[in-house]
Amino acid sequence: MTKFAWTTENTTALMTAVEGIEIVSQDQAATLADQLGTTARSVGAKLRKLGVQVATAAKAVSAWT
């Protein structure tokens, strides 16, 4: 597997895909990652860097154990 690199073309495709979405869910990020050939984590990080809100992947932890 080759290392994924963000190019102008795939960054533009990513921004077009999320246009009009207020908060990108983890499922949407995973779908976009599959389409682009990268990971959901990479997509989420790129979107955050571009100022798009992305739902957190962290699971809610209960204070009660």
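Shown above is the structure to which this text applies.
What you see is a predicted model; the values in this text were computed from it and never measured. (Residues numbered from 1 in each chain as written. Predicted model: local features only at pLDDT ≥ 70, side-chain atom pairs only at ≥ 80, totals over all residues. Heavy atoms only, no water.)

Caption draft 1: The overall build of the chain, seen in detail. Per the secondary structure count, the chain includes 3 helices and 2 strands. In the chain, the order of α-helices and β-strands from amino to carboxyl end is α-β-α-α-β. Seen through its C-alpha atoms, the chain measures out along the principal axes to roughly 45 × 30 × 20 Å. Burial statistics for the chain: of 65 residues in total, 25% are counted as buried. The contacts in the chain between residues at least 6 apart in sequence include a share of 58% that link residues at least 24 apart. About 5,000 Å² of surface is accessible on the chain, with carbon and sulfur atoms providing 56% of the total. Taken together, the 6 basic and 5 acidic charged side chains of the chain have centroids lying 14 Å from each other. (Helix = DSSP H or I, 4+ residues; strand = E, 2+ residues; numbered from the N terminus. Buried < 20%, exposed > 50% of the residue type's maximum accessible area, 1.4 Å probe, protein only. Contact = heavy atoms within 4.5 Å. Areas by Shrake-Rupley, 256 points an atom, 1.4 Å probe, with all protein chains shown as cover. Lys, Arg positive; Asp, Glu negative; His and termini not counted. Charge placed at Lys NZ, Arg CZ, Asp CG, Glu CD.)

Caption draft 2: Molecular detail of the side chain of Asn 10. Tracing the sequence through the fold places Asn 10 in helix 1 (residues 8-17). For Asn 10, a relative accessible area of 12% gives the class buried. Here the side chain of Asn 10 touches Thr 7 through a polar contact of 2.7 Å, landing on its backbone nitrogen. With sequence-adjacent residues up to four places away left out, Asn 10 is seen in contact with Phe 4, Ala 5 and Leu 36. (Polar contact = N/O pair within 3.5 Å; in protein donor to acceptor, adjacent residues only side chain to side chain.)

Caption draft 3: Focus on the packing of aromatic side chains. With the rule as written, the count across this model stands at 1 aromatic pair. Relative to Trp 6, the ring of Phe 4 lies with its centre 4.9 Å away and its plane at 85°, an arrangement referred to as edge-to-face. A relative accessible area of 22% means that Phe 4 is categorised as partly exposed. Looking at Trp 6, the relative accessible area reads 24%, which means it is partly exposed. (Phe/Tyr/Trp six-rings, centres within 6.5 Å; stacked < 30°, edge-to-face > 60°.)

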